[in-house]
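Chain residues, written in single-letter form:
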Amino acid sequence: MSEERDSCVQEFAAYHVVTSRPMQVGQRIHFDRAHPNGVFHRVKEKEEDVRQIKAHPEEWREKELPHHTMVALRELALEEVRVARFPDLPSRLHCLYVSEQMEQAEKWARWFVDWGREVLQIVKLSIWGRRFLGNANLCFSAGVDHEKNLLLAEKYWAVAPDPTGELPIWEELVDGDITVMEILWEKKKEEK
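Residues numbered from 1 in each chain as written. Predicted model: local features only at pLDDT ≥ 70, side-chain atom pairs only at ≥ 80, totals over all residues. Heavy atoms only, no water.

### Regarding the overall build of the protein
Tallying secondary structure elements over the protein gives five helices and seven strands in all. Its helices and strands taken in sequence order, the protein reads β-β-α-α-α-β-α-β-β-α-β-β from the N to the C terminus. At 17 Å, the protein has a C-alpha radius of gyration in line with the 16 Å of a compact globule built from 192 residues. For the C-alpha atoms alone, the extent of the protein along its principal axes is close to 50 × 45 × 35 Å. Counting contacts in the protein only where the partners sit at least 6 residues apart, residues at least 24 apart contribute 84% of the total. (Helix = DSSP H or I, 4+ residues; strand = E, 2+ residues; numbered from the N terminus. Rg over C-alpha atoms; globule rule 2.2 N^0.38 Å. Contact = heavy atoms within 4.5 Å.)

### Considerations on the sheet that holds strand β3 (residues 96-98)
If you trace the three strands from one edge of the open sheet to the other, you get β3-β6-β5, paired in antiparallel fashion. What marks the edges here is a single partner per strand, and that holds for β3 and β5 (131-135). For this sheet, the mean inter-axis angle between neighbouring strands, taken without regard to orientation, is 30 degrees. When β3 meets strand β6 (residues 170-174), the two strands line up antiparallel, connected through three bridges. The residue bridging Tyr97 from the neighbouring strand is Leu173, located in β6. Each of β5 and β6 is contacted by helix α5 (residues 146-157), which is oriented at about 115 degrees to β5, the strand it contacts most. (Pairing = 2+ DSSP bridges. Axes fitted to C-alpha atoms, helices over the stretch in contact; angles between N-to-C directions.)

### Quick notes on the state of the cysteines
As enumerated under the stated definition, the model contains zero disulfides in all. Free cysteine Cys95: the closest other cysteine sulfur is in Cys139, separated by 11 Å. (Disulfide = S-S within 2.5 Å.)

### Re the environment of Ile29
The topology assignment puts Ile29 in strand β2 (residues 28-31). Owing to a relative accessible area of 18%, Ile29 belongs among the buried residues under this scheme. Sequence spacing of Ile29 and Thr179 is 150 residues, and the spatial spacing of their C-alpha atoms is 6.4 Å. (Buried < 20%, exposed > 50% of the residue type's maximum accessible area, 1.4 Å probe, protein only.)

### Details of the environment of Trp170
Here Trp170 lies in strand β6. Apart from residues no more than four positions distant in its own chain, Trp170 is found in contact with Gln104, Trp108, Leu133, Gly134, Asn135 and Val159.

### Quick notes on the packing of helix α2 (residues 47-55) against helix α3 (residues 67-85)
For any two helices packed against each other, one specifies the crossing angle of their axes together with the interaxial distance. In contact at an axis separation of 9 Å, α2 and α3 are set at 75 degrees when each is read in the N-to-C sense. It follows that α2 is roughly perpendicular to α3 by the angle criterion. Contacts from Asp49, Val50, Ile53 and Lys54 of α2 reach α3 at Thr69, Ala72, Leu73, Leu76 and Glu80. Taken together, the residues that form the contact of α2 with α3 break down as five nonpolar, one polar and three charged. (Parallel < 35°, antiparallel > 145°, perpendicular 65-115°, else oblique. Nonpolar A, V, L, I, M, F, W, Y, C, P; charged D, E, K, R; others polar.)

### Quick word on the side chain of His94
As for its position among the elements, His94 is in the loop between α3 and β3. At a separation of 3.1 Å, a polar atom in the side chain of His94 contacts the main-chain carbonyl oxygen of Asp32. Not counting residues within four places of it along the chain, the set of residues in contact with His94 comprises Phe31, Asp32, Arg33, His35, Pro36, Asn37, Phe40 and Asp175. (Polar contact = N/O pair within 3.5 Å; in protein donor to acceptor, adjacent residues only side chain to side chain.)

### Examining the nonpolar core
Of all hydrophobic cores here, the largest spans 26 residues; its most connected members are Tyr156 and Trp157. Tallying contributions element by element places α3 first for this core, with five residues. In contact with Tyr156, other than residues within four places in its own chain, are Leu78, Arg92, Phe132, Gly134, Asn135, Leu138, Cys139, Glu171 and Leu173. In this structure, Ala14, Leu125, Ile127 and Val174 belong to the second largest nonpolar core, which totals 15 residues. (Core = buried A, V, L, I, M, F, W, Y, C linked by side-chain atoms within 4.5 Å.)

### Focus on the pairing of β2
Here β2 shows a clear split, with Ile29 and Phe31 buried on one side and none of Arg28 and His30 buried on the other. Note that β2 and strand β7 (residues 176-186) share four bridges and pair antiparallel. Across the sheet, residue Ile29 finds its bridge partner in β7, namely Ile178.

### Notes on the environment of Ala153
By secondary structure assignment, the location of Ala153 is in helix α5. The exposure class assigned to Ala153 is buried, which follows from its relative accessible area of 0%. Expressed as a C-alpha distance, the spacing of Ala153 and Glu75, which sit 78 residues apart in the sequence, is 8.6 Å. Filtering out sequence-adjacent residues up to four positions away, Ala153 remains in contact with Ala77, Leu78, Val81 and Phe140.

Listed below in structure tokens is the structure:
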């Protein structure tokens, strides 16, 4: 990505809920095509299952798909549509998920805890890169029907109105150069 010439690249601040490894002030992270995230690795683990489903969907129609296989089907459909129709947006497989506002990051942290995911920190970031603000409600449960998955992926990237009428749950995808500026909240040692 040529940052000097890419009009999609900008400098901005955002907030990130840290769930796997603690971050440090001054820590630098880079996401681009050569630097994938954890979603990418989880999808890669299910690549053979996805290949089998696409090759023989009729064999899978009556089967209950495992959660991580459905996630892989969704993420690969989302990536296929992004590359074809929205190539200037960050990839969900090569990005960091952040929030525009601290209040939204705090909501995500509460949701993660409710879902059984440990939250370690909330950090403020400085980002030089691209961003996409999407509605997490439009992240769908993928199925065997690849064409249907692609249609749902199109709605996600186009930030279509939520068919349920629910208020959006905003998630921001960012890539590029990311620096941890401040640790705003940290789980106490006795809580860990």
